[in-house]
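# Descriptive structure summary
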Amino acid sequence: MVHPNPQRSAVAPDGTLLARADQVTTGVIIVVAVAYLLGTLEFPDGAGVVPQIIGGAVLVLAIVQFVGPWVAPLRRYVGEPIDDSEAIVFTDPILRRRLILVLGSLAVIPALAFLLGLPVALPVYVAAFTLVDRRPVVAVIISTILISGVSVGILVLLLEMPWDSGFIWTLF
Amino acid sequence: MPEFLIEVGATMGKGFLALLEPLSLLFLLIGIIIGLIIGILPGLGGTVTIAILLPFTYAMEPNAALALVLGAFSAVSMGGSIPAILLNTPGTGEQAITSLDGYPMTKRGEGARALSAAAAAGVLGTLFGVVALTLLIPVVRTIILAVGAPEMFALSLLGVLAIGVLTSESVTRGILSGLLGIMLSTIGYDAITGALRYTGGSLLLYDGFSINAITLGLFAVGEMIYIYSRGRSISSNAGVSIGGGLAAQYVGIRKGIADTWRYRGHVARGGLIGSIVGLLPGMGGTVAMFFSYATAKQRSKNPGEFGKGSVEGVIAAESANNAKEGGSLIPTLAFGIPGGSAMAIFIGVLYIVGLPPGPQLMNEHLDSVYYMAWSLAVAGIVGSVLGMIIAPYVARLATVSPGVLAPLLIAFAIGGAIVDDRLAFGIYVVIGAGLVGYWLRLLKYSLAGITLGFLLGPVVERQLFISLSAYGPEFLLRPLTLVILALVLLLLFRPILARLFRRRSRVSLEV
């Protein structure tokens, strides 16, 4: 894959995407803070003091963050609107594909670990990722050997980490 | 007084002797090499370096673990200056200031001179920072005697909020970051009351989330998603040359060292600025380098040369950048208030090796504190010399594609995330933390704030519990606690105060 230069991208960054995403994220934080505060009701005496203080503070701050853009005196607290140039990863097709690839690869790791066991899954993951990204064969081999060294040499032999052997190996 | 000095001298000697142990020296060297390599890779600085090394510290003897981490941390800035000077690609973001003059020098065929000037200034800067650290330790110890649980509570709170606010562009996002970190830390078994909190009945959450998984996820995985998806931050400039043949390079290296001596005033000022800036939480290397660079330009006989390839610019920037490491260790070790993001994670290392920061460390493990100071000093010297030697050979690492770097570091982070609790659950936590880290990074939240909140959350809770039990709510009225809480308020009302100051200065200008 050719590395794109975002500066030369034909697709302009979306001017409001991250600002909206910011609002949604703040909304999620408000919901989490409310749930967090409600959770303290079940705690025995003393165990809920700090969660109540912290949860209350998060709730107040998140509300300030949420309404800040529309309330002039709060604007200097919530800061400048988010830099929209970062939104280019969602609007530029090449960058979006890269983002999907890396996020998708993260979803694959637990499945690989379940099937092959982690010491094998990690080198397989690195080899697969570099191959999909069309890296030169030498780079694929070197990076796979490197992570195999870390995975087997350091984690298994040196640190003696216990591993599940992987579902596939139980079939044989 | 002489007895006190003898005691300090003996403890310093003990710290130095501990560093001379073969195991410590070996891990210091390994740390330096790792630091140089990671420093060279664009986009990865001291923070990611310490995050990556964190899992290994579990299985290591404390002194070896500290040598490994501090060796790497110290060498990162030298590593970062190599691509900054040779490829115009700063290894760490802050070293863009080194590129300003370093790269034009390389284009003129003076790469060796610029590198050796950066290395020599870096050595002197590191020594400056370590001397500042060493001199201030006895002073800090005296202050610490006045610190009780109420003050520790206020200091921990100040640390969490300060790092959040100072590393984020907005006050609310900065504070939210720190508080979200504290929220995360409350999940699991509560050591004070014995209650289980927010576990949802799952045994996996009984001990809460692991420091490794959270730190590696937020920093290493989040950073890799960012770097890979942007497809940049990697130098496309493969023309790595430090200028001329071997003889010319030797002349260049000698010139660089001579330049550093010639402009020793810039080194001293840079060292002082770096040490002071390092002391202030959340200020970071960029501020130190910028101040030092601006001061050097102001005092230079050739200010017009700055930005066009002035060796003075390289010297001023690098001396300040290296001096800040020693300075930032002081608040980190004494009060658990980190000087920057990397120090926030270093606090995690201190907990892992059984040396939690604070009065106990400064009073009962002073030899370990001096051991850390010596490690920084030796790593600074060895790292700079080694960096200069290997520079032309390893600078090509900066051209490594994110397509190779991202899977390697993600795989490494996943392996490291399960080292401490040895549960596959860590895989899900590190991936989740990586996604959250990437998203919150885009929205300008402070990842360092979240990490520090997570690390210091239990400290805040324990000290609050002790303070309330011992003094009741009146603990808030203790003089030192009041002063620290006033600083917290100052931090929270920073935007209003800044506006007031701006208005006043505008009025006085108009008058």
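Only a predicted model underlies this, so the values are computations on that prediction, with no experimental measurement involved.

Reading the values: rules and limits
Counting from 1, residues in each chain are numbered in the order their sequence is written. Chain A is the first chain written and ligand 1 is the first ligand written, with later ones labelled in order. Local features in a predicted model are, by the rule used here, given only for residues with pLDDT of at least 70; side-chain atom pairs are given and counted only at 80 or more, and totals for whole chains, interfaces and linings are based on all residues. No hydrogens and no water enter the side-chain calculation; it runs on all heavy atoms of the structure. Segments assigned H or I by DSSP are reported as helices when at least four residues long, segments assigned E as strands when at least two residues long, and all are numbered from the N terminus. The rule is simple: take the accessible area with a 1.4 Å probe, protein chains only, and divide by the maximum for that residue type; under 20% is buried, over 50% is exposed, in between is partly exposed. Working rule for contacts: check all heavy atoms of both residues, and any pair within 4.5 Å makes them a contact. Residue exposure ignores everything except the shown protein chains as possible cover, and the areas themselves are Shrake-Rupley values with a 1.4 Å probe. Remark: nonpolar core denotes a set of buried residues (Ala, Val, Leu, Ile, Met, Phe, Trp, Tyr, Cys) joined through side-chain atoms within 4.5 Å. Marked domain ranges trace back to an automatic or database domain assignment. Simply put, the buried area is the total loss of 1.4 Å probe accessible area from both parts when two parts are fitted together. What makes a salt bridge here is a side-chain nitrogen of Lys or Arg within 4 Å of a carboxyl oxygen of Asp or Glu, nothing more. Axis definition: a line fit to C-alpha positions, over the contact stretch in the case of helices; interaxial angles, taken between N-to-C directions, run 0 to 180 degrees. Angular relationships are summarised with four words: roughly parallel below 35 degrees, roughly antiparallel beyond 145, roughly perpendicular across 65 to 115, and oblique for the angles in between. In a left-handed crossing the near helix is turned counterclockwise from the far helix by less than a right angle, and in a right-handed crossing that turn is clockwise. Polarity classes work like this: nonpolar for Ala, Val, Leu, Ile, Met, Phe, Trp, Tyr, Cys and Pro, charged for Asp, Glu, Lys and Arg, and polar for all others, with Gly in that last group. For this analysis, a ring pair means two rings from Phe, Tyr or Trp (six-membered ring only for Trp) whose centres lie within 6.5 Å, classed as stacked if their planes differ by under 30 degrees, edge-to-face if by over 60, and tilted for the remaining angles. Lysine NZ or arginine CZ positioned within 6 Å of the ring centre and within 35 degrees of the ring normal marks a charge as sitting over the ring. Any pair of nitrogen or oxygen atoms within 3.5 Å is treated as a polar contact; in protein, a donor-acceptor pairing is required on top of that, and neighbouring residues in sequence qualify only through side-chain atoms on both sides. Patch construction takes residues with relative accessible area above 30% that form no salt bridge. Like charges are linked within 9 Å, and nonpolar side chains (Val, Leu, Ile, Met, Phe, Trp, Tyr) are linked within 5 Å. Confidence of the predictor at the level of single residues is given by pLDDT, which spans 0 to 100. Helix span is expected to be 1.5 Å times the residue number reduced by one. A residue's bend is given by the angle between axes fitted to the 7 residues ending at it and the 7 residues starting at it.

Now for the overall build of chain A. The helix and strand inventory of chain A stands at eight helices and zero strands. Element order for chain A, N to C, with α for helix and β for strand: α-α-α-α-α-α-α-α. Counting over 172 residues, chain A shows a buried share of 42%. Contacts in chain A between residues at least 24 apart in sequence constitute 65% of all its contacts with a sequence separation of at least 6. Entry remark: accessible area of chain A is about 9,200 Å², with carbon and sulfur atoms responsible for 72%.

Looking only at helices and strands, one finds 21 helices and two strands in chain B. Out of the 511 residues belonging to chain B, those deemed buried represent 62%. Across chain B, every contact between residues at least 6 apart in sequence was considered, and the portion connecting residues at least 24 apart equals 80%. About 18,800 Å² of surface is accessible on chain B, with carbon and sulfur atoms providing 68% of the total.

So, about the nonpolar core. Val58 of chain A together with Leu44, Leu66, Leu333, Phe346 and Ile414 of chain B are the most contacted members of the largest nonpolar core, which has 179 residues in total. The greatest single-element share of this core, amounting to 14 residues, is contributed by helix 4 (residues 62-86) of chain B. Counting the residues that make up this core, at least three belong to each of domain 1 (8-85) and domain 2 (92-170) of chain A. Residues contacting phenylalanine 346 of chain B, with those up to four places away along its chain left out, are Ile50, Leu66, Val69, Leu70, Leu329, Thr332, Leu333 and Met372 of chain B. Formed by seven residues, the second largest nonpolar core is a distinct cluster that contains Met289, Ala296, Ala316 and Ala317 of chain B.

Before going further, it helps to examine the interface of chain B and chain A. On the chain A side, the residues contacting the 60 residues of chain B number 72 residues. Regarding the contact of chain B and chain A, the summed buried area is about 5,800 Å², with carbon and sulfur atoms giving 74% of it. The interface formed by chain B and chain A holds three salt bridges in total. Linking lysine 444 of chain B and glutamate 86 of chain A is a salt bridge whose minimum nitrogen-to-oxygen distance equals 3.9 Å.

This brings us to the packing of helix 13 (residues 311-335) of chain B against helix 14 (residues 341-352) of chain B. All names here are of chain B. The interhelical angle for the contact between helix 13 and helix 14, taken along N-to-C directions, is 50°, at an axis separation of 10 Å. Put simply, helix 13 runs oblique to helix 14. In this structure, helix 13 meets helix 14 at a crossing whose hand is right-handed. Across the interface between the two elements, Ser328, Leu329, Thr332 and Leu333 from helix 13 touch Met343, Phe346, Ile347 and Leu350 from helix 14. Per-class residue counts for the contact of helix 13 with helix 14 are six nonpolar, two polar and no charged.

Our focus in this paragraph is the packing of aromatic side chains. Counted under the stated rule, the structure contains eleven aromatic pairs over all chains. Plain terms: the ring middles of phenylalanine 16 of chain B and tryptophan 374 of chain B are 4.7 Å apart, the flat faces sit at 55° to each other, and that makes the pair tilted. Taken as a pair, phenylalanine 16 of chain B in helix 1 (residues 2-19) and tryptophan 374 of chain B in helix 16 (residues 366-394) lie far apart in primary sequence, 358 residues in all. Looking at phenylalanine 16 of chain B, the relative accessible area reads 30%, which means it is partly exposed. Members of the aromatic cluster, joined through ring pairs, are Tyr36 and Phe43 of chain A together with Tyr198 of chain B. A cation sits over an aromatic face here: arginine 173 of chain B above tyrosine 445 of chain B, 5.9 Å from the ring centre.

Residue tryptophan 374 of chain B is classed as partly exposed on the basis of its relative accessible area of 28%. The spacing of tryptophan 374 of chain B and glycine 13 of chain B is 361 residues in sequence and 9.8 Å in space, taken between C-alpha atoms.

Turning next to the packing of helix 9 (residues 211-230) of chain B against helix 18 (residues 425-442) of chain B. Residues and elements named next belong to chain B. Contact pair helix 9 / helix 18: the axes reach a minimum separation of 7 Å and the direction vectors enclose 55°. The orientation of helix 9 with respect to helix 18, classified from their angle, is oblique. When the axes of helix 9 and helix 18 are compared, the crossing they make is right-handed. Along its contact with helix 9, which presents Ala213, Ile214, Leu216, Gly217, Leu218, Val221, Gly222, Glu223, Ile225, Tyr226 and Ser229, the element helix 18 presents Gly426, Val429, Val430, Ala433, Gly434, Leu435, Gly437, Tyr438, Arg441 and Leu442.

With respect to the secondary-structure elements, aspartate 22 of chain A resides in helix 1 (residues 17-39). With relative accessibility at 6%, the residue aspartate 22 of chain A sits in the buried group. In terms of polar contacts, aspartate 22 of chain A uses its side chain to reach the side chain of arginine 173 of chain B, at 2.5 Å. In contact with aspartate 22 of chain A, other than residues within four places in its own chain, are Gln65 and Ile82 of chain A together with Arg173, Leu443 and Tyr445 of chain B.

Between side chains of opposite charge, a pair can form as their charged atoms come close. All told, the structure shown has twelve salt bridges over all chains when counted by the stated rule. Linking arginine 173 of chain B and aspartate 22 of chain A is a salt bridge whose minimum nitrogen-to-oxygen distance equals 2.5 Å. With one member in each of two chains, arginine 173 of chain B in helix 8 (residues 171-185) and aspartate 22 of chain A in helix 1 form a pair that bridges those chains. Connected through salt bridges with shared partners, the residues Arg108, Glu110, Arg113 and Asp259 of chain B form a single ionic network.

What follows concerns a nonpolar patch on the surface. Among the surface-exposed residues, Leu29, Ile33, Ile37, Leu124, Leu127, Ile381, Val382, Val385 and Ile389 of chain B lie close enough to one another that they form a single nonpolar patch of about 660 Å² accessible area. In terms of residues, the nonpolar patch owes the most to one element, helix 16 of chain B, which gives four residues.

With that settled, the discussion passes to the confidence of the model for chain A. Residues at a pLDDT of 70 or more form 87% of chain A, whose mean pLDDT is 82. Contacts of residues 1-15 of chain A to residues separated by more than four positions or lying in other chains number 35 contacts, the stretch itself having pLDDT below 50.

A word on helix 5 (residues 93-116) of chain A. Residue and element names in this part refer to chain A. In this model helix 5 runs 33 Å from its N-terminal to its C-terminal C-alpha over 24 residues, within 8% of the 34 Å that 1.5 Å per residue would give. At valine 108, helix 5 shows its maximal kink, close to 25°; a proline, proline 110, follows between one and four residues later. Looking at where helix 5 begins, the residue whose side-chain oxygen comes 2.9 Å from the main-chain nitrogen of isoleucine 94 is aspartate 92. Positive backbone phi, approximately 85°, marks glycine 117, located one or two places after helix 5.

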